[in-house]
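Inside the fold
Below are the chains, spelled out letter by letter.
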Amino acid sequence: MTKRVPEVLFVCVHNTGRSQMAAGLLDQLSEGRVHVRTAGSEPADRINPVVTETMTEVGVDLSKEFPKPLTDEVVRAADAVITMGCGDACPIYPGKRYEDWELEDPAGKDLATVRGIRDQISERVRGLLAEVAPDQSDSAAS
């Protein structure tokens, strides 16, 4: 069976902030061209409420999301694994794309700081999307 869309996994320690923001933004921007998952090496019990608030501001609803554990299966299923401060907890498999995005942790930060982190993630997500699922309408128009 062949995959129809690339799969991206965002991983951070608690899966309550950076990875959830990245996944929400990629899901929104890709419009179904990418399957997105998140995981945490030490998942917490809920998503950071300030993160949820900043994402609502840009039209991304995280209200149904929750921190998920990092498992071997989700890493194996991913085409690209983007880590955000999870250290060596993420297993490495040949043939997968790995990137580590150094970003400030939004835990305990005020709304303005979390907005800045969100905007940094948004910029990186746009670049990632252009690489893993280029917009086919651009090449079809030429």
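Before reading on, note that the structure itself is shown above.
In this text, all values refer to a predicted model and were calculated from it rather than measured experimentally. (Residues numbered from 1 in each chain as written. Predicted model: local features only at pLDDT ≥ 70, side-chain atom pairs only at ≥ 80, totals over all residues. Heavy atoms only, no water.)

Let's shift gears to the packing of aromatic side chains. Applying the stated criterion to the full structure yields one aromatic pair. Between the aromatic rings of Phe10 and Trp101, the centroid separation amounts to 5.8 Å while the plane-to-plane angle is 55 degrees, which identifies the pairing as tilted. One end of the pair, Phe10, is in strand S1 (residues 7-12); the other, Trp101, is in the loop between strand S4 (97-100) and helix H4 (111-132), with 91 residues separating them in the sequence. You'll find Phe10 and Trp101 in the same group, each marked buried. The cationic tip of Lys68 hangs over the ring face of Phe66; the distance from NZ or CZ to the ring centre is 4.6 Å. (Phe/Tyr/Trp six-rings, centres within 6.5 Å; stacked < 30°, edge-to-face > 60°. Helix = DSSP H or I, 4+ residues; strand = E, 2+ residues; numbered from the N terminus. Buried < 20%, exposed > 50% of the residue type's maximum accessible area, 1.4 Å probe, protein only. Lys NZ or Arg CZ within 6 Å of the ring centre and 35° of its normal.)

Now for the packing of helix H2 (residues 49-57) against H4. In a pair of packed helices, the angle between the axes and the distance between the axes together describe the arrangement. Two elements in contact, H2 and H4, have axes separated by 9 Å at closest approach and are oriented at 60 degrees. It follows that H2 is oblique to H4 by the angle criterion. Relative to H4, H2 is oriented so that their crossing is right-handed. Where H2 abuts H4, its residues Val50, Val51, Glu53, Thr54, Met55 and Glu57 lie against Leu111, Val114, Arg115 and Arg118. Residues that form the contact of H2 with H4 fall into these classes: five nonpolar, one polar and four charged. (Axes fitted to C-alpha atoms, helices over the stretch in contact; angles between N-to-C directions. Parallel < 35°, antiparallel > 145°, perpendicular 65-115°, else oblique. Left-handed = near helix turned anticlockwise from the far one by under 90°. Contact = heavy atoms within 4.5 Å. Nonpolar A, V, L, I, M, F, W, Y, C, P; charged D, E, K, R; others polar.)

On to the nonpolar core, then. Where a protein is soluble and globular, its nonpolar side chains tend to be buried together. By size, the foremost hydrophobic cluster in this structure holds 28 residues, and its most contacted members are Val8, Phe10, Leu26 and Trp101. Elements that contribute at least two residues to this core include exactly S1, helix H1 (18-30), H2, strand S3 (80-84) and H4. Ranked by residue count, the leading element in this core is H4, at seven residues. Excluding its chain neighbours within four sequence positions, the residues that come into contact with Trp101 are Phe10, Ala22, Ile82, Thr83, Met84, Ile121, Arg124, Val125 and Leu128. Counting residues in each nonpolar core, the second largest holds ten residues, with Leu9, Val11, Ala78 and Val81 among its members. (Core = buried A, V, L, I, M, F, W, Y, C linked by side-chain atoms within 4.5 Å.)

As a further point, take the sheet that holds strand S2 (residues 35-40). Strand order in the open sheet formed by four strands is S2-S1-S3-S4, with parallel pairing between adjacent strands. Unpaired on one side and paired on the other, S2 and S4 mark the two borders of the sheet. Taking each pair of neighbouring strands and ignoring which way they run, the sheet shows an average axis angle of 20 degrees. Taken together, the five bridges between S1 and S3 define a ladder with parallel strand orientation. Pairing of Val11 across the sheet is with Thr83, part of S3. The sheet strands contacting H1 are S1, S2 and S3, and the helix crosses S1 at an angle near 160 degrees. Against the sheet, H4 engages S1, S3 and S4, with an angle of about 170 degrees to S4. (Pairing = 2+ DSSP bridges.)

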